[in-house]
Amino acid sequence: MVTMAKVWRLSDSFHGLPRVENFVLTEEELPSLSSKDVLIGAVYLSLDPYFRVFSSGKNLPGEQVGRVLDSKSAEYPVGSLVCVHAGWRSHSVINVTKPRSYGTKVVKIVDVSGVSPSLWLGAAGMPGVTAFMAFHNKCHPKPGEVIVVSSAAGAVGSVVGQLAKLKGLTVIGIAGSNEKCQYIKDLGFDHAINYKMDDISSSLDTASPSGVDIYFDNVGGNISNTVNSKMKSHGRVLDCGSISTYNDDSASQGH
Ligand SMILES: NC(=O)C1=CN([C@@H]2O[C@H](COP(=O)(O)OP(=O)(O)OC[C@H]3O[C@@H](n4cnc5c(N)ncnc54)[C@H](OP(=O)(O)O)[C@@H]3O)[C@@H](O)[C@H]2O)C=CC1
Ligand SMILES: CCCCCC(=O)/C=C/[C@H]1[C@H](O)CC(=O)[C@@H]1CCCCCCC(=O)O
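Below or above, wherever it landed, is the structure these notes cover. (Residues numbered from 1 in each chain as written. Chains lettered and ligands numbered in written order. Predicted model: local features only at pLDDT ≥ 70, side-chain atom pairs only at ≥ 80, totals over all residues. Heavy atoms only, no water.)

What about the overall build of the protein?
Then step 1. The helix and strand tally for the protein stands at 6 helices and 12 strands.
Then step 2. Across its three principal axes, the protein shows a C-alpha extent of roughly 65 × 40 × 30 Å.
Then step 3. Out of the 255 residues in the protein, the part that is buried amounts to 44%.
Then step 4. Long-range contacts, defined as pairs at least 24 residues apart, comprise 59% of the intrachain contacts of the protein with a sequence gap of at least 6.
Then step 5. Here the protein displays about 13100 Å² of accessible surface, and carbon together with sulfur accounts for 54% of that area.
Then step 6. On the protein, the mean spot of the 23 positive side-chain charges and the mean spot of the 23 negative ones are 6 Å from each other. (Helix = DSSP H or I, 4+ residues; strand = E, 2+ residues; numbered from the N terminus. Buried < 20%, exposed > 50% of the residue type's maximum accessible area, 1.4 Å probe, protein only. Contact = heavy atoms within 4.5 Å. Areas by Shrake-Rupley, 256 points an atom, 1.4 Å probe, with all protein chains shown as cover. Lys, Arg positive; Asp, Glu negative; His and termini not counted. Charge placed at Lys NZ, Arg CZ, Asp CG, Glu CD.)

Things to note about the site of ligand 2
Then step 1. The local shell around ligand 2 consists of Tyr50, Val53, Phe54, Pro61, Gly62, His85, Ser101, Tyr102, Met126, Cys240 and Tyr246.
Then step 2. The separation between an oxygen atom of ligand 2 and a polar main-chain atom of glycine 62 is 3.3 Å.
Then step 3. The contact in question runs from an oxygen atom of ligand 2 to an N or O atom on the side chain of histidine 85, over 2.9 Å.
Then step 4. Notes on ligand 2: free accessible area 630 Å², of which the protein chains cover 67%.
Then step 5. Taking a 2 Å distance to the grid points as the criterion, the majority of the atoms of ligand 2 fall inside the largest pocket.
Then step 6. Looking at the shell around ligand 2, its residues break down into 8 nonpolar, 3 polar and no charged. (Near = heavy atom within 4 Å. Polar contact = N/O pair within 3.5 Å; in protein donor to acceptor, adjacent residues only side chain to side chain. 1 Å grid on protein atoms, 1.4 Å probe; cavity = no way out; pocket = protein on both sides within 12 Å on 5 of 7 lines; lining within 4 Å. Sits in = over half its atoms within 2 Å of the grid points. Nonpolar A, V, L, I, M, F, W, Y, C, P; charged D, E, K, R; others polar.)

Side note on the packing of helix α2 (residues 126-138) against helix α3 (residues 155-167)
Then step 1. Where α2 meets α3, the closest approach of the two axes is 8 Å, and the angle between their N-to-C directions is 45°. Considering their axes alone, α2 and α3 lie oblique with respect to each other. Handedness of the crossing formed by α2 with α3: right-handed. Note on element contacts: α3 touches α2 through Ala155, Val156, Val159, Val160, Leu163, Ala164 and Lys167, opposite Pro127, Gly128, Ala131, Phe132, Phe135 and His136. (Axes fitted to C-alpha atoms, helices over the stretch in contact; angles between N-to-C directions. Parallel < 35°, antiparallel > 145°, perpendicular 65-115°, else oblique. Left-handed = near helix turned anticlockwise from the far one by under 90°.)

Topic: the sheet that holds strand β10 (residues 191-194)
Then step 1. Read from one edge to the other, the open sheet built from 5 strands follows the order β10-β9-β8-β11-β12, with strand pairing classed as parallel. The outermost strands of the open sheet, each flanked by one partner alone, are β10 and β12 (231-239). Strand-to-strand, the axes of this sheet are offset by a mean angle of 20°, without reference to chain direction.
Then step 2. By the bridge criterion, 5 bridges tie strand β11 (residues 212-217) to β12 in an arrangement that is parallel. Directly across from isoleucine 214, in β12, lies its bridge partner arginine 236. (Pairing = 2+ DSSP bridges.)

Here we look at the side chain of asparagine 218
Then step 1. Along the chain, asparagine 218 falls in the loop between β11 and α6 (221-228).
Then step 2. With relative accessibility at 9%, the residue asparagine 218 sits in the buried group.
Then step 3. Asparagine 218 has contacts with Val149, Ser150, Ser151, Val156, Gly157, Cys240, Gly241, Ser242 and Ile243, leaving out every residue within four places of it along the chain.

Some words on the site of ligand 1
Then step 1. Taken together, 20 residues lie near ligand 1, and Ala155, Val156, Gly176, Lys180 and Tyr195 sit nearest.
Then step 2. Taking valine 156, its main chain carries an N or O atom lying 2.8 Å from an oxygen atom of ligand 1.
Then step 3. A distance of 3.0 Å separates a nitrogen atom of ligand 1 from a polar atom in the backbone of cysteine 240.
Then step 4. With the chains in place, 72% of the 930 Å² that ligand 1 exposes on its own is no longer accessible.
Then step 5. When atom positions are compared with the pocket grids, ligand 1 is found to occupy the largest pocket.
Then step 6. The set of elements that each furnish at least two residues to the shell around ligand 1 consists of α2 and α3.
Then step 7. Classifying every residue of the shell around ligand 1 gives 11 nonpolar, 8 polar and 1 charged.

Considering the packing of aromatic side chains
Two aromatic rings are characterised by how far apart their centres lie and by the angle between their planes.
Then step 1. Considering all chains together, one arrives at 3 aromatic pairs under this definition.
Then step 2. Ring centres of tyrosine 50 and phenylalanine 51 lie 5.3 Å apart, and the angle between their planes is 65°; on these two criteria the pair is classed as edge-to-face.
Then step 3. Given the relative accessible area of 22%, tyrosine 50 is considered partly exposed.
Then step 4. For phenylalanine 51, a relative accessible area of 5% corresponds to the buried category.
Then step 5. Both rings, one in phenylalanine 51 and one in tryptophan 88, keep their centres 5.9 Å apart while their planes meet at 65°; by these two values the pair is edge-to-face. Linking phenylalanine 51 in helix α1 (residues 51-54) with tryptophan 88 in the loop between β5 (81-85) and β6 (91-95), this pair joins segments that are 37 residues apart in sequence.
Then step 6. An aromatic cluster of at least three residues, connected via ring pairs, comprises Phe23, Tyr50, Phe51 and Trp88. (Phe/Tyr/Trp six-rings, centres within 6.5 Å; stacked < 30°, edge-to-face > 60°.)

What follows is the structure, encoded as structure tokens:
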């Protein structure tokens, strides 16, 4: 039986902010399975900040959580849940032995009752691992220190703030709406600054008059210029990303 995949592609006029007309839904006939191939049906697609810069040609990149629908690999029987860099597509035929983008492979994930498998694209997946490794291995956090996290309600920032609370730090989050500020307060952040409404500099001075020990920077740009000016000596700035710049045409290689 022939399987048709729905595949989202980019049109070739992509400048500045993404627009709906930049995305085109196409169909593709998939090959039949060879040895070590699996047919994966997408369950959840990820949408990540790096897409705007890393989209290669007309294909959308990205991880998906999928279900094995047909299999020529004993390791990945029908019904297995997997996480894989397959891009934005409904179905994929993938050889489980071959490395994919950045050397990644198909990863079998655990189907935990009561937990959405979408977590493997968030807190339990790449963004959560980024938060954990960068915070613990690169920021040298100590209990009692003050950390500022930008894009604090996002996949990475929300985990960083919670890890910092567990480690005994005072956590200041910066986010773009009152709803997001309430969300991070509900997660346990000590202070929340709405960068679209509040004066960041004076809000930081109020939350931490003696300055900032660690800045976990997800955004770059003006927000980071302000936070950087508040760093204590021997403070640490972790440059995780700079999402405020990704839609600049000069930064983007997307099409
Ligand atoms: N180094 C690494 O290995 C990794 C780096 N990253 C980087 O971490 C950062 C966060 O990623 P992730 O948590 O997955 O992102 P999410 O998609 O979960 O969150 C992104 C948020 O960034 C905020 N944002 C967007 N534009 C701006 C802007 N101009 N100024 C300030 N904030 C903005 C928005 O929240 P709001 O409404 O609050 O503005 C948006 O919802 C990105 O820079 C990403 O590239 C991510 C994974 C791995
Ligand atoms: C635009 C620069 C972004 C830099 C920060 C960032 O978001 C990095 C994310 C990577 C993380 O370290 C591990 C990943 O999986 C992210 C990038 C993967 C890019 C390649 C994907 C290409 C594909 O799927 O074809």
